[in-house]
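Structural description and commentary
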Amino acid sequence: MKLFAAGISHKTAPVELREQVAVKQSELVDLAFVLKWFGHLDEVVLLSTCNRVEIYGTTRQATGDIKSLLQLRCAEPRDLDPHIYLYQGAAAARHLLSVAAGLDSLVLGETEITGQIKNTYEIARNAGLTGRVLNRLFQRAFQATKEIRTRTRIGRGTVSIKSTAVDLIGKTDLSQQSIMVIGAGEMAESCVRLLVKKGGRSIFISNRSFDRALDLATRCSGEAVCFGYCLFEMRDVDVVIAATSSAETLLSCDDIENLMKARRNRPLLLIDLSVPRNIDPAVTGLDHVSLFNIDDLEALARRGVQAREQELTACHQIIEAHVAALTEKLHTEEAQSRSRSAPRQLSTTILIPQPT
């Protein structure tokens, strides 16, 4: 029985191709049965996320036509072959373990993929699509991921701009801080959601369009502030995040200087996620004011990436140990299965009469 993994990912195919083969969760089981029938597969798990579509399976047939299974999903006549990868045996196991641990993700070490794989596997297992080999493979993947998370720092350190910004704020308890977000677009909303997820409780949202500010505040349990009054409200906040598409400076050095007088120089953290910048860089010369712009945050995020990359060797060592153990276990079980299924041969004993 041959184990394989075939698919396309953000590393091999642009988003327009991944969109064409993507599978809704509600369709995973039905399509997996189709793939199982067309591909003459014994076991199959179909994984579909925004960054990858993969088939994990076992077959007693030749694996040469496995790539063509993904072509079944392509809405338009496109040659997917150059974008599809195919791993077999230990290489297939190694690939799944790397994917589950976040080592093959767009953001190195991210944890969301682990939950997605667990959910996908449970769907396939409950539908009766998995058997001895894939059950052992996926359980081993989860064990290896847990060990990697425990023994290495691959998931620690921020690697995105928004996460870096939130981590700057979160050096103290987020629930005890008052935060104002200027903007109500996509960047502002993702920041607000992340702040809430990390424990932020007192969040004010200000925007030139009060309706948009009110809409975002309502959806994120925040409080909307009229744009004309945002400076007045800043007297009592701890952090200000600017995340707008405005091409002009929204907070000048004079604005912040006067604000600091009203605050009696209580420390203020300013984070400017906007390009062009919305906060006058000259405010860095003011006492008790800290300003981080997009370049500062990118530099901090790069440190997080570098810190995670330093953990890769240890992660791969853990994976290799698990792949070796899994391969040995499967080979042993396969040998035992063959032995049990082989026809028993009658043993004959020839008795040679002894001379008297």
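These notes cover the structure that comes with them.

1. Side note on the pairing of strand 3 (residues 52-59)
- Of all eight residues making up strand 3, eight are buried, and the element is well covered by its neighbours.
- Judged by which residues are buried, strand 3 turns out to be covered on both faces: Arg52, Glu54, Tyr56 and Thr58 on one side and Val53, Ile55, Gly57 and Thr59 on the other are all buried.
- Examined bridge by bridge, strand 1 (residues 2-9) and strand 3 share eight bridges and lie antiparallel to one another. Bridge pairing links Ser9 to Arg52 in strand 3.
- Where strand 2 (residues 41-48) folds back onto strand 3 in an antiparallel hairpin, the turn is made up of three residues.

2. What about unusual backbone geometry?
- A cis geometry characterises the amide bond from Val275 onward to Pro276, with omega recorded as 0°.
- On the secondary structure map, Pro276 appears in the loop between strand 9 (268-272) and strand 10 (289-292).
- Phi is positive for Ser221, close to 60°, though the residue is something other than glycine.
- Residue placement: Ser221 occurs in the loop between helix 9 (210-219) and strand 7 (223-226).
- Take Ser221: its relative accessible area is 64%, and that puts it in the exposed class.
- Even without being a glycine, Arg264 presents a positive backbone phi close to 60°.
- Secondary-structure assignment places Arg264 in the loop between helix 11 (253-262) and strand 9.

3. Considering the sheet that holds strand 3
- Judged by pairing direction, the sheet is antiparallel, and its four strands sit side by side in the order 2-3-1-4 without closing on themselves. On the outer flanks of this sheet lie strand 2 and strand 4 (85-88), each paired with one strand and no other. Pairs of neighbouring strands in the sheet enclose a mean axial angle of 15°, with direction left out of account.
- Strands in contact with helix 2 (residues 28-38) are strand 2 and strand 3; relative to strand 2, the strand with the most contacts, it is inclined by about 140°.

4. A word on the packing of aromatic side chains
- Following the criterion strictly, the structure yields five aromatic pairs and no others.
- Centroid distance Trp37 to Phe38: 5.1 Å. Interplanar angle 90°. Geometry classified as edge-to-face.
- Of the residues examined, Trp37 reaches a relative accessible area of 64% and is grouped as exposed.
- When its relative accessible area of 47% is taken as the criterion, Phe38 is described as partly exposed.
- Arranged with centres 5.6 Å apart and planes meeting at 40°, the rings of Tyr85 and Tyr87 form a pair that is tilted.
- Above the plane of the ring of Phe142 lies Lys118, whose end atom (NZ or CZ) is 5.6 Å from the centre.
- One Lys or Arg, Arg235, reaches over the ring of Phe232 and ends 3.6 Å from the middle of that ring.

5. Structural notes on the side chain of Arg18
- Within the secondary structure, Arg18 sits in helix 1 (residues 15-21).
- Within the buried set, Arg18 has no salt-bridge partner at all; the shortest N-O distance to an opposite charge, 7.3 Å, is to Glu16.
- At 3.3 Å, the side chain of Arg18 and the backbone oxygen of Cys50 are in polar contact.
- Beyond its immediate sequence surroundings of up to four residues, Arg18 is in contact with Ile8, Ser9, His10, Ala13, Cys50, Asn51, Arg52 and Val53.

6. Remarks on the pairing of strand 7
- In this structure, strand 6 (residues 202-207) lies alongside strand 7, joined through four bridges in parallel fashion. When the sheet's bridge partners are listed, Ser206 is paired in strand 7 with Val225.
- A crossover connection joins strand 6 to the parallel strand 7 through helix 9; in handedness this β-α-β unit is right-handed.

7. Some details on the sheet that holds strand 9
- The six strands lie next to each other as 7-6-5-8-9-10, forming an open sheet whose pairing is parallel. Strands at the two margins of the open sheet, each flanked by one partner only, are strand 7 and strand 10. The average angle at which neighbouring strand axes cross in this sheet is 20°, direction not considered.

8. What about a nonpolar patch on the surface?
- Residues Val34, Trp37 and Phe38 make up a contiguous nonpolar surface patch of about 360 Å² in total accessible area.
- Residue position: Trp37 is located in helix 2.

Parameters and conventions
- Residues numbered from 1 in each chain as written.
- Predicted model: local features only at pLDDT ≥ 70, side-chain atom pairs only at ≥ 80, totals over all residues.
- Heavy atoms only, no water.
- Buried < 20%, exposed > 50% of the residue type's maximum accessible area, 1.4 Å probe, protein only.
- Helix = DSSP H or I, 4+ residues; strand = E, 2+ residues; numbered from the N terminus.
- Pairing = 2+ DSSP bridges.
- Axes fitted to C-alpha atoms, helices over the stretch in contact; angles between N-to-C directions.
- Contact = heavy atoms within 4.5 Å.
- Phe/Tyr/Trp six-rings, centres within 6.5 Å; stacked < 30°, edge-to-face > 60°.
- Lys NZ or Arg CZ within 6 Å of the ring centre and 35° of its normal.
- Lys, Arg positive; Asp, Glu negative; His and termini not counted.
- Salt bridge = Lys/Arg side-chain N within 4 Å of Asp/Glu carboxyl O.
- Polar contact = N/O pair within 3.5 Å; in protein donor to acceptor, adjacent residues only side chain to side chain.
- Right-handed = clockwise from strand over helix to strand, strands pointing away.
- Patch = residues over 30% accessible without salt bridge, like charges linked within 9 Å, V, L, I, M, F, W, Y side chains within 5 Å.
- Areas by Shrake-Rupley, 256 points an atom, 1.4 Å probe, with all protein chains shown as cover.

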